[in-house]
Amino acid sequence: MSEETVRLYRSLKRIRRVEEVTAEIYPSDKIKSPVHLAIGQEQVSVAVCDVLGPRDWVGGSYRSHAMHLAKGGSLPGLIAEMYGKETGCCRGKGGSMHVIDVAAGVMGSSAVVGTQIPMATGYALAAKMAGDGSVVAVFFGDGATEEGCFYESLNFAALHRLPILYVCENNGYAIHEPLSKRRARPEGICGAAEALGVPATRIDDGCVFAIRSAAETAVRTMRTGGGPALIEAVVYRWRQHVGPNEDYDQGYRGHDEAQPWKERDQVARLAGMLDPATREAVDAGIEAEIEAAVAFAESSPVPAAEELYADVFA
Amino acid sequence: MSSPESRTLRYVDALREAFEQEMERDSTVFLFGLDVDDHLGIQGSTKGLLERFGPERVFTTPLSEDAMTGVAIGAAMAGRRPVHVHIRMDFMLLCMNQLVNIAAKAHYMWGGQVRVPLVVRSMVGKSWGQGAQHSQGLHALFAHIPGLKVVAPSNAHDAKGCMIAAIRDDNPVIFMEHRLLYNTEADVPVAPCEVPFGKARLCTRGDDITIVGVSNMVQEAIRAAELLAEAGVRAEVVDPISIVPLDIATIVRSARRTRRLLVVDNGWTMCGVSAEIAARVAEETEGVRIRRMGFAPTTCPTSPWLEADFYPNPATIAETAWAMARPDAPAWRPDPERARLAWQVQFKGPF
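Residues numbered from 1 in each chain as written. Chains lettered and ligands numbered in written order. Predicted model: local features only at pLDDT ≥ 70, side-chain atom pairs only at ≥ 80, totals over all residues.

Description of the interface of chain A and chain B
Tallying the contact residues gives 32 residues for chain A and 33 residues for chain B. Residue assignment for the side of chain A that touches chain B shows that the elements contributing at least two residues are helix H5 (116–130) and helix H6 (148–159) of chain A. The greatest single-element share of the side of chain A that touches chain B, amounting to nine residues, is contributed by H5(A). (Contact = placed C-beta atoms within 7 Å. Helix = DSSP H or I, 4+ residues; strand = E, 2+ residues; numbered from the N terminus.)

Here's what the structure looks like:
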């Protein structure tokens with residue numbers, strides 16, 4: 001039971017429980033925000049953020065709770081944001097899809113598919129100009145690799161050797177449409193990146209340690225001017241595209257497809273690698289933290305009416 | 001605009017001077033876009049900057065307007081001050097997702113935690129076969145979106161002052177330049193100077209009619225005013241300089257006095273800037289006669305004979321203003337030869 005395993009478990013379990021609690025609260029209508037849960041695919045954010053430092057940046061999509069938490073973004077700020085409260089990370093103006101924590105290196109997440117990719121590439125350009133050795137990791141789904149700005153960004157990053165790690169969380173679906181209906185070569189994501197000059201690694205079993213190892217190698221290279229890299233992590237989304245529930249009864253996929261992924265759930269896997277006393281202590285800490293964050297959100301004030309017009313311009 | 005510390009400068013050189021002075025002052029300013037570092041340097045507006053500031057701060061881009069706009073936005077949020085250049089405003093349609101969904105909204109939707117100090121400059125073409133896809137004034141599309149500033153300087157003085165103000169602004173600024181203005185000259189301060197946004201300028205004074213021009217239409221309206229003056233009609237030409245923020249108060253004040261408002265835009269009238277100005281004046285005044293002029297409601301053709309009727313010009317502006325100011329007098333139109341502007345006559349292609 002290494003220190004690394006405990007650290008990764010804590011991060012994985014914390015995200016899992018935050019999202020489970022979010023799903024539990026959701027039917028109460030206290031969260032009036034479309035939630036895109038990462039349950040089942042938390043390990044990508046956890047593994048990548050584990051090799052990043054406080055000065056490094058991460059960017060993501062509407063499905064960014066995991067990234068936000070793994071990078072050290074505020075938990076009370078996240079919950080309060082979903083509640084639409086003044087104390088939320090966007091002061092109630094972004095909701096679940098637009099998380100941010102500048103102090104923790106979480107750039108704002110974006111809800112138009114793929115838009116975070118060039119934006120994060122711009123952060124990487126700024127990092128290169130500053131020459132401070134910081135790096136950027138940007139998370140996106142398989143659907144985003146079909147957007148033009150994905151190719152445009154990778155080409156630019158390769159051309160200028162920008163310090164950015166492109167992380168494709170390939171869960172096989174764009175909403176309900178499988179990759180096979182969207183790509184002539186569903187296995188072609190890494191090849192496309194390579195063709196643009198971005199070295200790419202595919203990890204197809206969802207192993208948190210394998211993803212971490214690939215990220216560590218890539219980040220070490222880019223800190224000394226080695227240029228961008230891409231990791232394609234194949235994962236599986238357990239819940240709906242958007243919403244708190246499972247959707248295996250909807251006809252587009254079934255339990256049989258999910259079963260192998262649930263059997264190699266990284267949260268359960270790492271839980272089994274910890275001794276019971278350590279695990280219980282970690283779990284208890286997580287539950288207390290979440291309870292406090294929810295209480296904070298519940299008791300926070302709603303935004304004042306004048307907030308509607310605040311911050312249209314800086 | 002004259003002072004001992006100024007001299008006559010072309011619009012394009014005034015822009016170049018703004019970049020040089022701001023890049024000298026602030027090392028976070030950088031300039032990128034297709035052709036900014038080539039031997040022509042965007043008609044000269046970026047010439048010599050590569051040699052002066054190096055390829056880290058002056059560089060071309062792949063033909064990837066969408067992602068390059070996103071890169072500029074990200075770099076801006078990370079503390080840089082990018083100036084992104086497009087050689088035609090039409091090409092900015094490839095950037096709409098980034099500009100409308102990210103740049104305009106970033107400060108607001110992320111709770112004020114980030115700023116986007118970005119300048120997007122683009123040229124509007126006219127004449128010499130620019131045609132459907134090289135001639136569009138799309139400022140109204142951007143002005144529609146909260147969070148974007150839109151400026152359209154009409155002379156060399158304002159080109160420099162607005163560019164410096166845009167670079168120093170913490171918000172995304174859409175900077176509309178008209179290609180035919182590039183060779184026009186004005187008195188421009190030698191020192192860095194800012195022309196503030198949201199403050200209109202009265203270019204001529206008059207009591208008979210208010211004419212608001214946008215971009216190059218300011219110059220066309222000034223010529224129209226000169227011809228109208230010879231016919232005994234005194235027109236007050238107003239240059240809003242910035243569309244967002246819009247100094248509607250100055251326009252309303254003038255229109256209340258003259259009782260007549262003619263808005264001449266370098267764009268279509270349908271849902272355009274002229275519609276906005278007309279509506280605001282109508283809402284805030286009583287009894288003001290309002291008319292609008294702009295691009296003809298069709299696509300810009302390339303044939304010079306067809307193109308001539310696509311745009312308002314000093315003759316048609318003067319004719320319209322006369323009819324508004326002298327409704328009971330016979331129709332009047334100035335000699336078309338005298339209505340032609342030197343900077344339009346002198347222009348030769350290719351661009």
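There's plenty left to go through after this.
Thoughts on the nonpolar core
Counting 197 residues, the largest nonpolar core has Val48(A), Leu165(A), Val167(A), Ile231(A), Ile211(B) and Ala321(B) as the members making the most contacts within it. Residues from two domains meet in this core; each of domain 1 (6–189) and domain 2 (201–345) of chain B gives at least three. (Core = buried A, V, L, I, M, F, W, Y, C linked by C-beta atoms within 7 Å. Buried ≥ 20, exposed ≤ 12 C-beta atoms within 10 Å, placed from the backbone. Domains from an automatic or database assignment.)

Overview of the pairing of strand E7 (residues 173–178) of chain B
The side chains of a regular strand alternate, first on one face of the sheet and then on the other. All names here are of chain B. Counting buried residues in E7 gives six out of six residues, a clear majority hidden from the surface. As judged from the six bridges shared by strand E5 (residues 119–124) and E7, these two strands associate in the parallel manner. Residue pairing in the sheet places arginine 121 in a bridge with phenylalanine 175 of E7. The sheet contact formed by strand E6 (residues 149–151) and E7 spans three bridges and is parallel. The residue of E7 that forms the bridge with valine 151 is phenylalanine 175. Taken together, E6, helix H7 (residues 156–168) and E7 form a β-α-β motif whose crossover is right-handed. (Pairing = 2+ DSSP bridges. Right-handed = clockwise from strand over helix to strand, strands pointing away.)

Focus: the sheet that holds strand E10 (residues 209–213) of chain B
Residues and elements named next belong to chain B. The sheet built from five strands is open, its strands ordered E9-E11-E10-E13-E14 with mixed pairing. In this open sheet, the two strands that pair with only one neighbour each are strand E9 (201–202) and strand E14 (289–295). Here two bridges tie E9 to strand E11 (residues 235–239), and the two strands are oriented antiparallel to one another. Opposite arginine 201, over in E11, you have aspartate 239 as the bridge partner. Each of E10, E11 and strand E13 (260–268) touches helix H9 (residues 248–258); the most contacted strand, E10, lies at about 150° to it. (Axes fitted to C-alpha atoms, helices over the stretch in contact; angles between N-to-C directions.)

Details of helix H3 (residues 65–77) of chain B
Residue and element names in this part refer to chain B. With 13 residues, H3 ought to run about 18 Å at 1.5 Å a step, and its terminal C-alpha atoms sit 18 Å apart, in line with that. Of all 13 residues that make up H3, 13 are buried, and the element is covered over most of its length. Following H3 by one or two positions, glycine 79 has its phi on the positive side, about 110°. (Expected span 1.5 Å × (residues − 1).)

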